[in-house]
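Residues per chain, in single letters:
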Amino acid sequence: MNISYDENNIFAKILRSEIPCNKISENEHALAFSDINPQAPIHVLVIPKNPYINFYDFTKNASIN
């Protein structure tokens, strides 16, 4: 099964600033922002900036530094 990264997914659009977000924090590796449909009083999403297709891809390919 060959799965590729979808450049048009919602998070890629947020990272490219095509969709606005309420940014909490950002560095060279990740972006943290408020969820638009919070399930708790404080609900923050943290996404990596590199194009990982799933958690397995992230754990195998993300830099430790």
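Residues numbered from 1 in each chain as written. Predicted model: local features only at pLDDT ≥ 70, side-chain atom pairs only at ≥ 80, totals over all residues. Heavy atoms only, no water.

Participant: Describe the overall build of the protein chain, naming the residues involved and giving the relevant values.
Facilitator: A tally of regular secondary structure across the protein chain gives two helices and three strands. When the helices and strands of the protein chain are read in sequence order from the N terminus, they spell out α-β-β-β-α. Principal-axis analysis of the C-alpha atoms places the extent of the protein chain at approximately 35 × 25 × 20 Å. Counting over 65 residues, the protein chain shows a buried share of 15%. In the protein chain, once contacts between residues fewer than 6 apart in sequence are set aside, the share between residues at least 24 apart is 17%. Accessible surface, the protein chain as shown: approximately 5400 Å² in total, 54% of it carbon and sulfur. (Helix = DSSP H or I, 4+ residues; strand = E, 2+ residues; numbered from the N terminus. Buried < 20%, exposed > 50% of the residue type's maximum accessible area, 1.4 Å probe, protein only. Contact = heavy atoms within 4.5 Å. Areas by Shrake-Rupley, 256 points an atom, 1.4 Å probe, with all protein chains shown as cover.)

Participant: Can you explain the pattern of salt bridges? Please cite residues and give values.
Facilitator: Under the criterion given, the structure shown has four salt bridges. As a salt-bridge pair, Lys-23 and Glu-26 come within 2.8 Å of each other at their nearest N and O atoms. According to the relative accessible area criterion, Lys-23 is partly exposed, its value standing at 47%. The class for Glu-26 is partly exposed, based on a relative accessible area of 40%. (Salt bridge = Lys/Arg side-chain N within 4 Å of Asp/Glu carboxyl O.)

Participant: An account of the packing of aromatic side chains is needed here, citing residue identities and associated values.
Facilitator: Applying the stated rule across the entire model yields two aromatic pairs. Ring plane angle 90° and centroid distance 5.1 Å describe the contact between Tyr-52 and Phe-58, whose orientation is recorded as edge-to-face. Using a relative accessible area of 32% as the deciding quantity, one classes Phe-58 as partly exposed. Ring pairs connect the aromatic residues Tyr-52, Phe-55 and Phe-58, which therefore count as one cluster. (Phe/Tyr/Trp six-rings, centres within 6.5 Å; stacked < 30°, edge-to-face > 60°.)

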